[in-house]
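Tertiary structure, described
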Amino acid sequence: MRIAAALALLAALTACSRENLQQIGLIGIEGTFEVDKTEVTAGEEVKMKAVFTGARLDENANVQFVVIRDGEPTTLKHRYEGDNTFTAEYRFEQSGAYDVDLHLYYEDVHIYKKKQVNVQ
């Protein structure tokens, strides 16, 4: 009996929470992150593209492209291309392995994607 009551309460809370999230538009926000090259020669420029669905974003959206080498982050300037699409470029000057991170902060949601670029 207690288990059934606990399950019913859990189901009601879950439904309520999901309904509230849907009302403020946070269910279903997704992002794709593309890096045009993951193997490059030092001095080459790499183009990055992020496309989001599930929310209407504009040029004021809190989107960040971050390149990390040896634990040192560099936040890139990006452009809003319209249709929830953001782009950035980065010239990899030194050889090594780099992480390239994408962040979207939207209300209480943080979307994070990661790619790696190897530079020869």
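Source: prediction; values computed, not measured. (Residues numbered from 1 in each chain as written. Predicted model: local features only at pLDDT ≥ 70, side-chain atom pairs only at ≥ 80, totals over all residues. Heavy atoms only, no water.)

Considerations on the overall build of the chain
Put simply, the rule reads: Each helix corresponds to a stretch of at least 4 residues labelled H or I by DSSP, and each strand to a stretch of at least 2 residues labelled E; elements are numbered beginning at the N terminus. For each residue, the accessible area found with a 1.4 Å probe, counting protein chains only, is set against the maximum for its type, and the residue is called buried under 20%, exposed over 50%, and partly exposed in between. We call two residues in contact whenever any of their non-hydrogen atoms come within 4.5 Å of each other.
For the chain, the helix and strand inventory stands at one helix and nine strands. Scanning the chain from its N terminus toward the C terminus, one meets helices and strands in the order α-β-β-β-β-β-β-β-β-β. Each of the 120 residues in the chain was classed as buried or not, and the buried ones make up 29%. Counted over contacts in the chain with a minimum sequence separation of 6, partners at least 24 positions apart contribute 58%.

A short note on the sheet that holds strand β6 (residues 79-82)
This is how it is decided: By this definition, two strands are paired if DSSP reports at least two bridges between them. An axis is simply a line fitted to the C-alpha atoms; with a helix, the fit covers only the stretch in contact. Between two such axes, the angle follows the N-to-C directions and lies from 0 to 180 degrees.
Judged by pairing direction, the sheet is antiparallel, and its four strands sit side by side in the order β1-β3-β7-β6 without closing on themselves. Each edge of the open sheet carries a strand with a single partner, namely β1 (30-35) and β6. Across the sheet, the mean angle from the axis of one strand to that of its neighbour is 25°, orientation sign disregarded.

With respect to the nonpolar core
Inclusion rule: Throughout this description, the term nonpolar core refers to a set of buried Ala, Val, Leu, Ile, Met, Phe, Trp, Tyr and Cys residues connected via side-chain atoms within 4.5 Å.
Counting residues in hydrophobic clusters, the biggest one holds 26 residues, and the most contacted among them are Met48, Phe52, Val63, Phe65 and Phe92. Put simply, the parts of the chain that give this core at least two residues each are β1, β3 (44-53), β4 (62-69), β7 (85-92), β8 (96-106) and β9 (109-119). Ignoring any residue separated from it by four or fewer positions in sequence, one finds phenylalanine 52 in contact with Glu30, Gly31, Leu57, Val63, Asn84, Phe86, Leu102, Leu104 and Ile111.

Digging into the packing of aromatic side chains
Quick note on the threshold: Side-chain rings of Phe, Tyr and Trp (the six-membered ring for Trp) are treated as a pair once their centres are within 6.5 Å; stacked means planes under 30 degrees apart, edge-to-face means over 60, and tilted covers the remaining angles.
Counted according to the given criterion, the structure contains five aromatic pairs. Centre to centre, the rings of tyrosine 80 and phenylalanine 86 are 5.1 Å apart; their planes meet at 50°, and the pair counts as tilted. Judged by centre distance (4.7 Å) and plane angle (80°), the rings of tyrosine 90 and phenylalanine 92 are edge-to-face. The same class applies to tyrosine 90 as to phenylalanine 92, namely buried. Pairwise contacts between aromatic rings join Phe52, Tyr80 and Phe86 into one cluster.

Examining unusual backbone geometry
Although it is not a glycine, aspartate 70 sits at a positive phi angle of roughly 55°. Within the secondary structure, aspartate 70 is located in the loop between β4 and β5 (72-76). In this structure, glutamate 107 is a non-glycine residue whose phi angle is positive, near 50°. Tracing the sequence through the fold places glutamate 107 in the loop between β8 and β9. Residue glutamate 107 is classed as exposed on the basis of its relative accessible area of 54%.

Considerations on the pairing of β4
Within a regular beta strand, the side chains point alternately toward one face of the sheet and then the other, so they alternate between its two faces. Pairing analysis gives seven bridges linking β4 to β8, with the strands arranged antiparallel. Bridged to phenylalanine 65 within β8 is leucine 102. Sheet topology note: the β4/β5 ladder contains five bridges and is antiparallel. Paired with valine 67 across the two strands is threonine 74, which belongs to β5. Between β4 and β5, which follow one another and run antiparallel, lie two residues, and aspartate 70 among them has a positive phi close to 55°.

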